[in-house]
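Structural overview for review
Chain residues, written in single-letter form:
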Amino acid sequence: MEHETVYRGPELEETPKGSAALGIVGALLGAVVGAVPWFLASTFTNFFIGYLGFLIGWAAAFGYGKLHGRRSYPLAMTAVVVCSIAALVLADFASNMFVLCTDEEWQLAAGYYGVPVAELAFFSIIDSENLHLILPNLIIGLLIGLLGVASCRQYVRQYTQSGQVANRPNAPIDPAVAGAARGWAQPASTGLELPRQFTVRAPRRTLVTGVVMAVLFGVLLVVSVMVGIMEEMGGTGILLALVWVWLLAISVVLILQGKNWRLEVDGDRLCAYTAFNRAAEFRASDIANVALPSALGGQARLFGRDGKVLFKFTQVMQNQPLLMQYLAEHNIPLRG
């Protein structure tokens, strides 16, 4: 006998489509922020690290969603691609400008010709005779940056196609929930009844991303310290090292989330684990409600009857649709 997929969660309704202008601004701001590590590495360590361009596309996509860009996949991807390319070109140009303007020989040459050093550096960079020195690194960075853009397509598609909100049958819905529930009440795709046991956990890419970032930023930290000591960079070297330490700390958090952050469900009993592997057991009857985030990438929270947070989870976690169906079957209300 074939099993018919039955979704017992909330019904779905359309939500506002967002703003194209704000989405483009968000993508541009995100891409610029994502280009900062590349600018710092290429400017102050004298190493070209094109792999950092991979982060820019993800930062642009995050910025587009964070500012509630229009839920149109073609528009969103166009904004992410264009803004990522613009940020890469801008970061490369700014790096070359900074290096030339702070070089003593270029400063002396500018004084000899009687022109500002910034003007001399600018025209030297755009001079066609010097493009063969600049374009190779820029082209490599653009190619890696476009690979980053390609890898975040699913993230963008998830945002643009999550234009639905949860609404329980024959019951009014709080307007605050309507704005918060986009894309969270998705049915399980297994075509089976809700299993008694399942685990909601961070996707595998969280651990992989954390490991890759930890290796990358760890190497950059060591290189920055060595270059800073050899070239006596002083405050600049310390600032750059602090940036890598901060990014390395984020990488470690991602690794811990990928390994430990989960919710184990066994019938009426649940056990929540934090990123630091601290466990807390409770029952379905102990859950008072679930608060959904108001923006893409936010965390939903399970609240206990004492008002404390029992577990936090995101839309991209494994088996999140099963958890939403589980909450619906236990009549646990949603709120914004």
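Structure: above.
Residues numbered from 1 in each chain as written. Predicted model: local features only at pLDDT ≥ 70, side-chain atom pairs only at ≥ 80, totals over all residues. Heavy atoms only, no water.

1. Structural notes on the side chain of Ser-84
- Within the element layout of this structure, Ser-84 appears in helix α3 (residues 73-101).
- Ser-84 sits in the buried class, given a relative accessible area of 2%.
- Dropping the residues within four chain positions of it, Ser-84 is found in contact with Ala-31, Ile-56, Gly-57, Ala-60 and Val-149. (Helix = DSSP H or I, 4+ residues; strand = E, 2+ residues; numbered from the N terminus. Buried < 20%, exposed > 50% of the residue type's maximum accessible area, 1.4 Å probe, protein only. Contact = heavy atoms within 4.5 Å.)

2. Quick notes on the pattern of salt bridges
- Considering all chains together, one arrives at four salt bridges under this definition.
- Arg-196 is the partner of Asp-266 in a salt bridge, and the nearest nitrogen-oxygen pair spans 3.2 Å. Of this pair, Asp-266 sits in strand β4 (residues 262-266) while Arg-196 is found in the loop between α8 (175-180) and β3 (197-201), placing the two residues 70 residues apart along the sequence.
- A salt bridge links Arg-262 to Glu-264, with the shortest nitrogen-to-oxygen separation between them at 3.1 Å.
- The class for Arg-262 is buried, based on a relative accessible area of 13%. (Salt bridge = Lys/Arg side-chain N within 4 Å of Asp/Glu carboxyl O.)

3. Remarks on the side chain of Asn-289
- Turning to its location among the elements, Asn-289 is positioned in strand β7 (residues 287-291).
- A relative accessible area of 16% places Asn-289 in the buried class.

4. Considering helix α4 (residues 104-113)
- Counted residue by residue, α4 has one buried out of ten residues, so it is predominantly exposed.
- Just downstream of α4 lies Gly-114, where phi reads positive at about 75 degrees.

5. Here we look at the nonpolar core
- Core analysis: the largest hydrophobic core is formed by 26 residues, its most contacted members being Leu-263, Phe-313, Tyr-326 and Leu-327.
- A total of five residues in this core trace back to one element, the largest contributor, which is helix α11 (residues 320-329).
- With 21 residues, the next largest nonpolar core counts Ala-27, Ala-61, Cys-83 and Val-149 among its residues. (Core = buried A, V, L, I, M, F, W, Y, C linked by side-chain atoms within 4.5 Å.)

6. Considerations on the packing of aromatic side chains
- Summed over the entire model, instances satisfying the criterion amount to four aromatic pairs.
- Judged by centre distance (5.9 Å) and plane angle (85 degrees), the rings of Phe-93 and Phe-122 are edge-to-face. One end of the pair, Phe-93, is in helix α3; the other, Phe-122, is in helix α5 (residues 117-126), with 29 residues separating them in the sequence.
- Overall, Phe-93 belongs to the partly exposed group, its relative accessible area being 27%.
- Here the guanidinium or amino end of Arg-157 rests over the ring plane of Tyr-73, the centre of that ring lying 4.0 Å away.
- Over the face of the ring belonging to Tyr-273 we find Arg-262, whose NZ or CZ atom lies 3.7 Å from the ring centre. (Phe/Tyr/Trp six-rings, centres within 6.5 Å; stacked < 30°, edge-to-face > 60°. Lys NZ or Arg CZ within 6 Å of the ring centre and 35° of its normal.)

7. Digging into α11
- Among the ten residues of α11, eight are classified as buried, and the element is accordingly described as predominantly covered.
- Taken together, the buried positions of α11 are occupied by Gln-320, Leu-322, Leu-323, Met-324, Gln-325, Tyr-326, Leu-327 and Ala-328.

8. Side note on the packing of helix α2 (residues 54-66) against helix α7 (residues 153-160)
- At their nearest, the axes of α2 and α7 sit 10 Å apart, and the two run at 10 degrees to each other. The angle between α2 and α7 places the two elements in the roughly parallel class. Two secondary-structure elements touch here, α2 through Trp-58, Ala-61, Phe-62, Tyr-64 and Gly-65 and α7 through Tyr-155, Val-156 and Tyr-159.
- Residue classes in the contact of α2 with α7 are distributed as seven nonpolar, one polar and no charged. (Axes fitted to C-alpha atoms, helices over the stretch in contact; angles between N-to-C directions. Parallel < 35°, antiparallel > 145°, perpendicular 65-115°, else oblique. Nonpolar A, V, L, I, M, F, W, Y, C, P; charged D, E, K, R; others polar.)

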